[in-house]
Amino acid sequence: MKFLSFLNITNLWKYFVKAICYSGRYPEFLVVAIVGGVLAVIDSIYGVALSPDSIFYIKTATFMHYSHNFNTIVTVWPPLYPFVINLFLYITPYPAVAASMATGFFTFANLLLFAFILRQIIDKVQIRLLIILCLISITGYWYIFTLVLSESLFITLVLGHIYFVNNFIKSKKVLFFFPAAATAAMAVLSRYIGYSLFLAFGLLTFYSLAKEQNIKNKFLIFGTFIISLIPGIFWIIRNYRIEESFHGIRNPSNRTIIEIISQIINTCTRDLNEFYLLLFGLIIVFFIHRTLIYFKDNKRQTNSTQVIEFYIYALLSFYMILLSYAAASTNIDNIDSRTAILFYVGLFLVTAIGLQQLDNISISPVTKKIAIGTISIFLIFGLINNCKPIANYFSKLSRVDKKQKEYTFWGFEQTDNAKKISSYTTNLFKKNDKIILSTLYNKKKQRPYLAYAFLLRKFVWANDKISNIKYTNILSGNEQKSPNYLSQQCDLDVTFKFDGKPKQLIYRGLPPIRNLGQITNHLKKHMKDNNTKKIYLLDINGFAQNQRITEIAVQQKNKKQLNGLKIKLEKKLDGFSFYEFTTP
């Protein structure tokens, strides 16, 4: 009976909680290891998720790695994140896998830094564990770390910055000011919104200069701050010289202030349940109340915890102001989970500080217990309320649709289509020394930069006979006119060895196509440019406006010719069709 009782699911949950609580003085680090491990398993089994921005980052990283040329980095996206992916390409030849490894690395680093900051702030281990569990219960947080997005690097750098700033404030050692400045400088080169760090960091610098008595330390603090500005200044000067714009050419926004506020509210209410919203509101009110008391006190003294709390609030305020300005001025910067997640991370940190401040301020023990208990209840119920959304999120990832049509989404590497495409491309490599390939995409989606994403993935090249993979050329036909053209179209030249024999795959993208005549005209041009009589075409989800090449091939069954090119249906999959076009 005792054995059956042990197997009871409720008891198993209790034993699991006890195991975490008794795992040491810092069980939050065990949670970091478990969560990071889960993401690593998801990435390795199902494959990394790719968005349009993801494709751009991976493509830029691949261009950096193989061409060693940084001139064509577009002005819209800062260069640090693709540069980091480029470093992982020294470990693996598959660009999407390198991006996945970078994402996994930043997940570990982000959670680890968050746990270290909590350890600096909170004395009670139970509160530290509860807050880190609450953070990872937000599906918007997982969204950032389950796609190839620069926010993963940016949030990690911001947390690293806060960690070193906290050490600097507490220890008053200038040594910690240097990495704080370095992480701020790198954050600017990962996202434009990183300039909000320098606004807050500038305030901290002048506050430190006012408090510091040592002339040498004053010189070091001010000099370090000025040096940390240089990379960001050079980046915007470089961009202005290219396009006469500090942040790249973007579509202007017609959104009003009311629409932006509505967008912020909708994002917060979607990502956060009512318990978290009430908690954050309570913490902000508590902070305002303590601030008013602080400034009314003639004998006030500022402790290190108050300084870091003011600093995080200043950082979050500048961040939201810059974000709102970007949303009002450009049509690219929406306020969604991607951009708001740093706000949630910061609010959980100030919640931790607020709890510690409650524990330290001189109020009656009963009032203190009621306040701490209320905040803890909000955290616990918020965590419980988020169990279902997070379970649904992972349930979606685990149910891999074997007939999934979109290769850009999670899990495509495990679908039947992925295996069939891999088998087909392997046969192509076996039969041909040089393969010319183009891709059609669904016109309604207007995403030509997603069309070649499958060539960046592992499953195309994951064959024991394939080795020495190199992306020798990543170009657009018009890159010399505007570097930003690379974000819209891409050509790839891939060299590799198949069974020891040198091979080449030349991918040439097609512009938006309106009719079948335009398709064949472009295919003829690619054949002529590459001195070949054969070209392959991958049609994704059927040709636009119900004009499918498969239907044309059936209608022209007898002659099987289209605008002077012979057409042959090579392989038909669910949502994918491979064609071979040859000259008569």
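Everything numeric in this text was worked out from a predicted model, so none of it was measured.

### Overview of helix H11 (residues 195–211)
Phase 1 of the analysis: When the terminal C-alpha atoms of H11 are compared, their 25 Å separation across 17 residues agrees well with the 24 Å that a helix rising 1.5 Å per residue should span.
Phase 2 of the analysis: Inspection of H11 places Ser-196, Leu-197, Phe-198, Ala-200, Phe-201, Gly-202, Leu-204, Thr-205, Ser-208 and Leu-209 among the buried residues, and these make up the whole buried set.

### Quick word on the confidence of the model for the protein
Phase 1 of the analysis: Averaged over every residue, the pLDDT of the protein is 78; residues scoring 70 or more account for 76%.
Phase 2 of the analysis: For residues 477–488, every residue scores under 50 in pLDDT, and the model assigns this stretch 25 contacts once sequence neighbours within four places are set aside.
Phase 3 of the analysis: A low-confidence stretch, residues 543–547 stays under pLDDT 50, and its non-local contacts, those more than four residues away or across chains, total 13 contacts.

### Quick notes on the packing of helix H14 (residues 274–296) against helix H15 (residues 304–329)
Phase 1 of the analysis: Packing of H14 against H15 leaves a shortest axis separation of 12 Å and a crossing angle of 125 degrees. By the criterion of interaxial angle, the relationship of H14 to H15 is oblique. Between H14 and H15 lies a crossing whose hand is left-handed. Seen from H14, the contacting residues are Ile-283, Ile-284, Phe-287, Arg-290, Thr-291 and Tyr-294; seen from H15, they are Gln-306, Glu-309, Phe-310 and Tyr-313.

### Some remarks on the packing of aromatic side chains
Phase 1 of the analysis: Evaluation of the coordinates by the stated rule reveals 22 aromatic pairs.
Phase 2 of the analysis: Ring geometry for Phe-154 against Tyr-319: centres 6.3 Å apart, planes inclined by 20 degrees, an arrangement best described as stacked. With Phe-154 in helix H9 (residues 151–171) and Tyr-319 in helix H15, the pair connects residues that are 165 residues apart, well separated along the chain. The exposure classification of Phe-154 matches that of Tyr-319, with both residues buried.
Phase 3 of the analysis: Centroid distance Tyr-192 to Tyr-195: 6.3 Å. Interplanar angle 20 degrees. Geometry classified as stacked.
Phase 4 of the analysis: Here the aromatic residues Phe-168, Phe-177, Phe-198, Phe-201 and Phe-225 are joined through ring pairs into a cluster of three or more.
Phase 5 of the analysis: Just above the ring of Phe-286 sits the side chain of Arg-290; from NZ or CZ to the centre is 4.4 Å.

### Re the pattern of salt bridges
Phase 1 of the analysis: This structure, assessed with the given rule, holds seven salt bridges.
Phase 2 of the analysis: Residue Arg-290 is joined to Glu-309 by a salt bridge in which the shortest nitrogen-to-oxygen separation is 2.5 Å. Of this pair, Arg-290 sits in helix H14 while Glu-309 sits in helix H15; the two residues are 19 residues apart in sequence, bridging distant segments of the chain.
Phase 3 of the analysis: Classification of Arg-290 as buried rests on a relative accessible area of 14%.
Phase 4 of the analysis: The closest approach of N and O atoms between Lys-503 and Asp-433, which form a salt bridge, is 3.0 Å. One end of the pair, Lys-503, is in strand E4 (residues 501–507); the other, Asp-433, is in the loop between helix H19 (416–431) and strand E1 (434–440), with 70 residues separating them in the sequence.
Phase 5 of the analysis: Judged by relative accessible area, Lys-503 falls into the buried class, the value being 6%.
Phase 6 of the analysis: Several salt bridges converge on common partners, so that one network encompasses Glu-151, Arg-191 and Arg-338.

### Quick word on the environment of Ser-171
Phase 1 of the analysis: Along the chain, the position of Ser-171 falls in helix H9.
Phase 2 of the analysis: Expressed as a C-alpha distance, the spacing of Ser-171 and Ser-304, which sit 133 residues apart in the sequence, is 9.0 Å.
Phase 3 of the analysis: Reaching out from Ser-171, the side chain makes a polar contact with the backbone oxygen of Asn-167 at a distance of 2.6 Å.

### Observations regarding a nonpolar patch on the surface
Phase 1 of the analysis: A contiguous nonpolar surface patch, about 490 Å² in accessible area, is contributed by Phe-83, Leu-87, Tyr-90, Ile-91 and Met-101.
Phase 2 of the analysis: Since its relative accessible area comes to 33%, Phe-83 is described here as partly exposed.

### So, the environment of Tyr-319
Phase 1 of the analysis: Overall, the relative accessible area of 3% leaves Tyr-319 in the buried class.
Phase 2 of the analysis: Between the alpha carbons of Tyr-319 and Ile-193 there is a distance of 6.8 Å; along the sequence they are 126 residues apart.
Phase 3 of the analysis: What Tyr-319 contacts, discounting residues up to four positions off in sequence, is Phe-154, Ile-193, Ser-196, Thr-339 and Leu-342.
Phase 4 of the analysis: Here Thr-339 takes part through its backbone oxygen, which lies 2.4 Å from a polar atom of the side chain of Tyr-319.

### Some points on the nonpolar core
Phase 1 of the analysis: Phe-114, Phe-201, Phe-348 and Trp-461 are the most contacted members of the largest nonpolar core, which totals 148 residues.
Phase 2 of the analysis: With 13 residues, helix H16 (residues 337–360) is the single largest residue contributor to this core.
Phase 3 of the analysis: Not counting residues up to four positions away in its chain, the partners in contact with Phe-201 are His-161, Phe-177, Ala-180, Ala-181, Ala-184, Phe-225, Ser-228 and Tyr-311.
Phase 4 of the analysis: Of all hydrophobic cores here, the second largest spans 14 residues; its members include Leu-440, Ile-519, Ile-535 and Ile-567.

### With respect to unusual backbone geometry
If a residue is not glycine, its phi is most likely negative; likewise, a peptide bond is most likely trans.
Phase 1 of the analysis: One non-glycine residue, Lys-172, adopts positive backbone phi at about 60 degrees.
Phase 2 of the analysis: In this structure, Lys-172 sits in the loop between H9 and helix H10 (177–188).

### Observations concerning helix H7 (residues 125–136)
Phase 1 of the analysis: The first and last C-alpha atoms of H7 sit 17 Å apart over twelve residues, in line with the 16 Å expected at 1.5 Å per residue.
Phase 2 of the analysis: Of all twelve residues in H7, nine are buried; the element is thus mostly enclosed.
Phase 3 of the analysis: When H7 is considered as a whole, its buried residues turn out to be Ile-127, Arg-128, Leu-129, Leu-130, Ile-131, Ile-132, Cys-134, Leu-135 and Ile-136.

### Some details on the side chain of Asn-166
Phase 1 of the analysis: Secondary-structure assignment places Asn-166 in helix H9.
Phase 2 of the analysis: Take Asn-166: its relative accessible area is 0%, and that puts it in the buried class.
Phase 3 of the analysis: Not counting residues within four places of it along the chain, the set of residues in contact with Asn-166 comprises Gln-120, Ile-121 and Ile-308.

### Thoughts on the pairing of E4
Phase 1 of the analysis: As paired strands, E1 and E4 are joined by four bridges and run parallel to one another. Paired with Leu-437 across the bridge in E4 is Tyr-507.
Phase 2 of the analysis: Looking at chain direction, strand E3 (residues 491–498) and E4 are connected through seven bridges and run antiparallel. Counterpart to Asp-493 in the pairing with E4 is Ile-506.
Phase 3 of the analysis: With antiparallel pairing between neighbouring strands as the criterion, E3 and E4 make up a hairpin whose turn holds two residues, including Asp-499 at a positive phi of roughly 55 degrees.

The rules we used
Residues numbered from 1 in each chain as written. Predicted model: local features only at pLDDT ≥ 70, side-chain atom pairs only at ≥ 80, totals over all residues. Heavy atoms only, no water. Helix = DSSP H or I, 4+ residues; strand = E, 2+ residues; numbered from the N terminus. Expected span 1.5 Å × (residues − 1). Buried < 20%, exposed > 50% of the residue type's maximum accessible area, 1.4 Å probe, protein only. pLDDT = per-residue confidence, 0-100. Contact = heavy atoms within 4.5 Å. Axes fitted to C-alpha atoms, helices over the stretch in contact; angles between N-to-C directions. Parallel < 35°, antiparallel > 145°, perpendicular 65-115°, else oblique. Left-handed = near helix turned anticlockwise from the far one by under 90°. Phe/Tyr/Trp six-rings, centres within 6.5 Å; stacked < 30°, edge-to-face > 60°. Lys NZ or Arg CZ within 6 Å of the ring centre and 35° of its normal. Salt bridge = Lys/Arg side-chain N within 4 Å of Asp/Glu carboxyl O. Polar contact = N/O pair within 3.5 Å; in protein donor to acceptor, adjacent residues only side chain to side chain. Patch = residues over 30% accessible without salt bridge, like charges linked within 9 Å, V, L, I, M, F, W, Y side chains within 5 Å. Areas by Shrake-Rupley, 256 points an atom, 1.4 Å probe, with all protein chains shown as cover. Core = buried A, V, L, I, M, F, W, Y, C linked by side-chain atoms within 4.5 Å. Pairing = 2+ DSSP bridges.

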